[in-house]
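Notes for the structure review
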Amino acid sequence: MTSPQPAETRTRGRSSQTATLAEIAREAGVSAPTVSKVLNGRADVAPATRARVEELLRAHGYRRRRAEATRSPLIDLVFHELESAWAMEVIRGVENVARDTGLSVVLSESAGRLTPGRTWADQVAARRPHGVVLVLSGLDESQRALLTSRSIPFVVMDPAGDPGADVPSIGATNWQGGLAATRHLVELGHTRIGAISGPTRMMCSRARIDGYRAALDTAGLPADPALIRTGDFHHETGYRQGLELLRRPDRPTAVFAGNDLQALGLYEAARELGLRIPEDLSVVGFDDLPVARWVGPPLTTVRQPLTEMAEAAVRLVLDLGREGGAAAATRVELATSLVVRSSTAAPPTA
């Protein structure tokens, strides 16, 4: 007959974390229920008290045990901006995986900021989703600590900046895409090739323009600074910057636009100036949005597998959230590919 375990042995796993919470409450000068409110993302805690408790939780390395963290059947999807067909492709990919796994999607936008606001982090902590996917966004240190303490995994898709070695992320081969787009124009015989990049603060747009420069350098062509313009990935910028490039007396015969929306703005600028595509001007985009196939003429572009990237991001965040899931950070890059359509041709003869 097996003798019963001593009481201290039976309760050791439970009491160690209880003692830690009690210690945090004493150090913060608050009650244990107040610490519990902070852990559960309740709003009825003074900001100064919440900050003090959160700091102590981080200092103690406190993590909710997975058995304690009852998750809602949700995935949080966060965009820095939500206003284009690009976002719809991402949402489609997230919904594909969420639907197959019985989860719903909570969609939010950070109004152009590269990190969501503090109230967002508190709301996520209260919802306790299966995970968070951030698109072209990131988290500050306090937000990361808050989600980590609640055992809420997160993945950054197409990170705006360097997400850090310890942040799981899903991206695309942006440099290779910029290289392929520009090399295609060089092989057609173009020597004056302009570019309209995305925001310089975003890693993906810097990588694409670096690929453009590398293709020119490999071909022995100078990268003329006057032919490189900075955009913001919006149609209006493609139009405005396109007008400036195409009004030059030494205008380019081809332009690599940092995304499809800017390429469509460039189409509008060319039409306004009486330039034909591709007879007078070749255009290459980036993303391969559905509209790229239907615009006239159909747009040559670099396919970025947005839907597949979103699907991979959700699968990764679910893997990280499973008991015994991957502990190490993961950086995954999906391949881009050039899709040649009717917007590129040899340069016009003099």
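Further up the page is the structure itself.
Residues numbered from 1 in each chain as written. Predicted model: local features only at pLDDT ≥ 70, side-chain atom pairs only at ≥ 80, totals over all residues. Heavy atoms only, no water.

Glancing now at the packing of helix α3 (residues 32–39) against helix α4 (residues 47–59). How two helices pack is summed up by the angle between their axes together with the distance between the axes. Relative to each other, α3 and α4 sit at 85°, their axes nearing to 10 Å. Between α3 and α4, the crossing angle belongs to the class labelled roughly perpendicular. Along the contact surface, α3 presents T34, V35, V38 and L39, while α4 presents T49, R50, V53, E54 and L57. (Axes fitted to C-alpha atoms, helices over the stretch in contact; angles between N-to-C directions. Helix = DSSP H or I, 4+ residues; strand = E, 2+ residues; numbered from the N terminus. Parallel < 35°, antiparallel > 145°, perpendicular 65-115°, else oblique. Contact = heavy atoms within 4.5 Å.)

Let's shift gears to the pairing of strand β4 (residues 154–157). Of the two faces of β4, the one holding F154 and V156 and the one holding V155 and M157 are both buried throughout. As paired strands, strand β3 (residues 131–135) and β4 are joined by 4 bridges and run parallel to one another. The partner of L134 across the bridge, within β4, is V156. Note on the crossover from β3 through helix α7 (residues 141–149) to β4: the handedness is right-handed. Relative to strand β5 (residues 169–172), β4 runs parallel, the two sharing 2 bridges. Following the sheet pairing, M157 is matched in β5 by I170. (Buried < 20%, exposed > 50% of the residue type's maximum accessible area, 1.4 Å probe, protein only. Pairing = 2+ DSSP bridges. Right-handed = clockwise from strand over helix to strand, strands pointing away.)

Taking 1.5 Å as the rise per residue, helix α9 (residues 203–218) with 16 residues should run 22 Å; its terminal C-alpha atoms sit 22 Å apart, in good agreement. The set of residues buried in α9 consists of C204, S205, R208, I209, G211, Y212, A214, A215 and L216. Looking at the packing, one finds that the buried side of α9 touches α8 (174–187), β6 (193–197), β7 (228–230), β8 (254–257) and β9 (282–287). (Expected span 1.5 Å × (residues − 1).)

Strands sit in the order β2-β1-β3-β4-β5-β11 across an open sheet of 6 strands; the sheet is parallel. In the strand order of this sheet, the two ends are held by β2 (104–109) and β11 (331–334), each with one partner. Strand-to-strand twist across the sheet, computed as the mean angle between neighbouring axes with direction ignored, equals 20°. Here strand β1 (residues 74–79) runs beside β3; their pairing, made up of 5 bridges, is parallel. The residue of β3 that forms the bridge with L77 is V133.

A few words on the nonpolar core. The tendency in soluble globular proteins is for nonpolar side chains to be buried as a group. One finds I75, F79, W86, V90, V133, V135 and M157 to be the most contacted residues of the largest nonpolar core, which totals 34 residues. Examining the composition of this core, we find that 9 residues originate from one element, helix α13 (residues 306–321), more than from any other. For V133, the residues in contact, after removing those within four places along its chain, are I75, D76, L77, V78, V155, M157, A313, V314 and V317. Residues L227, L245, Y267 and V283 belong to the second largest nonpolar core, which totals 20 residues. (Core = buried A, V, L, I, M, F, W, Y, C linked by side-chain atoms within 4.5 Å.)

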